[in-house]
Amino acid sequence: MGCALAVDLGTVHTVAMVGHPDGRLEPLLFDASPLLPSAVFAQPDGSLLAGRDAVHAARLAPERFAPNPLLRIADETVPLGDDVPIATALAATLGRVAAEATRAVGTAPDRVVLTCPAGWAERERSVLAAAAESAGLGTVLFDAAPIAAARYFQRLFGARAAPLTVLDLGGTAEVSVVFGDRVLVTERLAEAGGLNLDEELIDHLDRSYRERDSVAWQRIRAPETPDDRRARQQLVADARAAKEMLSRTPQATVHVPLVGVDAPISRAELEGIAEPLVGDAIEALRDALRDAGLASPLPGPMFLTGGMSRMPVVATVLHRELGVTPTGVNQPELVGVHGALLGLLARSAAGGAADPRRARTDQAYRLLAQAEQLARRVSAPADRAPALAHLAAAVARVAPDRARQLAVEADAVARATHDARFRAGALGEVMAALAAADLPELAPMASAAARTVLAVPDPYWQVMALGELAAALRAVLPARAAALLEVAELVVEGMADQQQRRDGLLCVGQAAALVDPARAVRIAGYLDDPDARASTLASAAVTVAAADPDRGAELAAEALRCARTQATPNTWVSVLTYQVLTGGPRCDPATVEEAVRIAYGSGDPVDRAWLLACCAVLTDDAGRAERFAADATAQTRFDDTDPGVAAGIAAAARLLAGPLPVAAEMLGTACARMVAAAAKGRSDEWHLAGVATVLADLARLLAGGPIRPADMWS
């Protein structure tokens, strides 16, 4: 292959980086600098100059000069004495880049990518594409600037598994939150970039020295003659040079033409001018995060790009207001173009096709981002806490630090639940997610959770919470989990209401199936309801089978016998689910046939979808498996506003778990319908929490995690 070229045509400067055939990456130099002014100048014969040539020529005819033509990309033309098409003006700068790339490498680039703001519409991209073609760069690819910047920082720091905030402080300003290869939210900051700071500095000089010569200042601020425009151009250039110098030195001087003043400017003065602009950027970031339903102040690390980010006051204000230390680099102008080139070379190395493993990982990141957005839209702490905890479990495999942050937040949210019953349940789910995330250092949270559960005044809800918490703590504190089950069984024995006692025994039995299977089998013997007995035995079979496959198969068979005595869809859902997890009777056609008959006879699309999904896994007939899976998916057609149907499809996708991208597509449809139902008032917020949980669990599977019994409990 020939060379690859990445270009960032910015508002003030244009930068480019070339990838050589031998693998070297280096920035292009224009007149010994990597920064090419984006300015253009129209000569008397109609030809255009670009870069420093344009800046130099502008002194002769400032009316034919445009220092920042990109600002006019939404217009048809740029005024350069005569109106010049915007694509032609931009092509002049890109032509300089193309010529320099050919000179540096010896051949024209055969692959070109251009960065652009994330918020650009198709029209702006088409104008830039036309300019690139006119400049001789051929057909180009586009890469959103914040995604390109995030890619660079991911390569440099390995910060990939959490949302990244990219604050671009170039000539204009933009703040974006990026997760994987997706921009979650972006906000163009109208008055916070370097050009605005230049104007604020000139305003400061105007206020300080207007009394010297108010007429001269009026000529500079509203130029009418070539001399006035030339004076203004000189002042803007000198103010920008002083601003850049003050990033390195404590003092600089700005010459004010026409007024005849050499104005000293200190770093402290400039920082006082710049601080409100950075404050505006922070407020815009907070608004954008709030609109996207993301955490405030930040969902992950912050990185800085753009020349203005060199100013020490930027990092100071961000740290003071947001409590984070932003990360910058020595050449912030090159961040985006470097990241775009990395992406272009990665696509070329893959022959234009995406790496399947990378595609799965990227898909996992997208699902995690969606899960977090949904979880944060849930206002009830009892529902939001479990969703955040499952998110922590999903992220733990690839970003333990981020998982700890989410887990601590989930724990705090759970403790904010006012009703003791719901608080206990939320804490139990948090502990379960922490155990699934293999974060044993968070086990001390379990002590407070246990105290909360034991304080629940209602015996029925106390048993429910004790069972849930015991199941959650089995991995991190098995002795405490067993003790909690002892307490729960004693509470059940004291219940007078027979229905509550039956429900309590079922809860304790199912929790014991994960903690102490022998206790679960004993409790199953007390249950007079075949449905409850079958469910308890089936759940115990999962845990037992991990250590003793034969005994696990015996318990699964006994559960199946109980199910046959009361052929309700709910019982069969429980039994077949656990048989799937234990590698149940795959060669038992009679069992599959009976389950299929019950599935098609069920009036509940959720049960029907789940049973058919189980049958698709258990049957040895590939053709029938495909039909069962298709029928499970088709249950969504019954009522596209019922979130229960979506939950059934999600369960089907989770159980099939074979081609995970296909399962993710199924989940995407189901979750979209559930969100739509909630938005229309046909569903409650807890459905959003359910969607967030399922998305987080699927993301963990896509990232390489195994299917575990705990996944089915969620």
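Preceding this paragraph is the structure being described.
Residues numbered from 1 in each chain as written. Predicted model: local features only at pLDDT ≥ 70, side-chain atom pairs only at ≥ 80, totals over all residues. Heavy atoms only, no water.

### As for the overall build of the protein
Helices and strands together make up the secondary structure of the protein, namely 29 helices and 17 strands. When each of the 714 residues of the protein is scored for burial, the buried share is 55%. A separation of at least 24 residues holds for 63% of the contacts in the protein among residues at least 6 apart in sequence. Put simply, the protein shows about 29300 Å² of open surface, and 52% of that area lies on carbon and sulfur atoms. (Helix = DSSP H or I, 4+ residues; strand = E, 2+ residues; numbered from the N terminus. Buried < 20%, exposed > 50% of the residue type's maximum accessible area, 1.4 Å probe, protein only. Contact = heavy atoms within 4.5 Å. Areas by Shrake-Rupley, 256 points an atom, 1.4 Å probe, with all protein chains shown as cover.)

### A word on the pairing of strand 9 (residues 82–85)
In the case of a regular strand, side chains alternate between the two sheet surfaces. Two strands pair when backbone bridges link them, and strand 8 (residues 77–80) and strand 9 are joined in this way by four bridges, in the antiparallel orientation. Bridge pairing links Thr77 to Pro85 in strand 9. Count of turn residues in the strand 8/strand 9 antiparallel hairpin: one residue, of which Gly81 carries a positive phi of about 80°. (Pairing = 2+ DSSP bridges.)

### Brief notes about helix 3 (residues 122–134)
With 13 residues, helix 3 extends 18 Å from end C-alpha to end C-alpha; this agrees with the ideal 18 Å at 1.5 Å per step. Along helix 3, the residues that are buried comprise Glu124, Val127, Leu128, Ala131 and Ala132. Here the buried residues of helix 3 occupy an arc of 135° about the axis, which is enough to place them on one side. For helix 3, exposure combined with an orientation more than 90 degrees from the buried face picks out Glu122, Glu133 and Ser134. (Expected span 1.5 Å × (residues − 1). Arc of directions from axis to C-beta.)

### Describing the packing of aromatic side chains
Counting across every chain of the model gives three aromatic pairs. Pairing Phe153 with Phe303 gives two aromatic rings, centres 4.3 Å apart and planes at 15°, and the pair type is stacked. Of this pair, Phe153 sits in helix 4 (residues 145–157) while Phe303 is found in strand 17 (residues 302–305), placing the two residues 150 residues apart along the sequence. For the pair Phe153 and Phe303, a shared accessibility class is recorded, and that class is buried. Taken together, the ring pairs connect Tyr152, Phe153 and Phe303 into an aromatic cluster. (Phe/Tyr/Trp six-rings, centres within 6.5 Å; stacked < 30°, edge-to-face > 60°.)

### Remarks on the sheet that holds strand 13 (residues 173–179)
Across the sheet, four strands lie side by side as 14-13-12-17; this open sheet has mixed pairing. Strand pairing shows two members of the sheet lacking a second neighbour, strand 14 (182–189) and strand 17, which therefore form its edges. Neighbour to neighbour, the strand axes of the sheet diverge by 15° on average, direction disregarded. For strand 12 (residues 164–169) and strand 13, the ladder comprises six bridges, and the chain directions are antiparallel. Bridge pairing links Leu169 to Ala173 in strand 13. Packing of helix 9 (residues 312–322) onto the sheet brings it into contact with strand 12 and strand 17, and relative to strand 17 it is tilted by some 155°. (Axes fitted to C-alpha atoms, helices over the stretch in contact; angles between N-to-C directions.)

### Side note on the packing of helix 2 (residues 86–105) against helix 3
Between helix 2 and helix 3, the shortest axis-to-axis distance is 8 Å and the interhelical angle comes to 50°. Taken together, the axis directions place helix 2 and helix 3 in an arrangement best described as oblique. The handedness of the crossing between helix 2 and helix 3 is right-handed. Residues Ile86, Ala87, Leu90, Ala91 and Leu94 of helix 2 form the contact with helix 3, whose own contacting residues are Val127, Leu128, Ala130, Ala131, Ala132 and Ser134. Here the residues of the contact of helix 2 with helix 3 are counted per class, giving ten nonpolar, one polar and no charged. (Parallel < 35°, antiparallel > 145°, perpendicular 65-115°, else oblique. Left-handed = near helix turned anticlockwise from the far one by under 90°. Nonpolar A, V, L, I, M, F, W, Y, C, P; charged D, E, K, R; others polar.)

### Here we look at the nonpolar core
Counting 79 residues, the largest nonpolar core has Leu205, Trp217 and Leu318 as its most contacted members. No other element matches helix 8 (residues 267–292), which puts eleven residues into this core. Sequence-distant contacts of Trp217, that is, excluding residues within four places in its chain, are made with Ile202, Leu205, Asp206, Tyr209, Arg210, Leu235, Val256 and Val259. With 60 residues, the next largest nonpolar core counts Val492, Met495, Ala540 and Ala616 among its residues. (Core = buried A, V, L, I, M, F, W, Y, C linked by side-chain atoms within 4.5 Å.)

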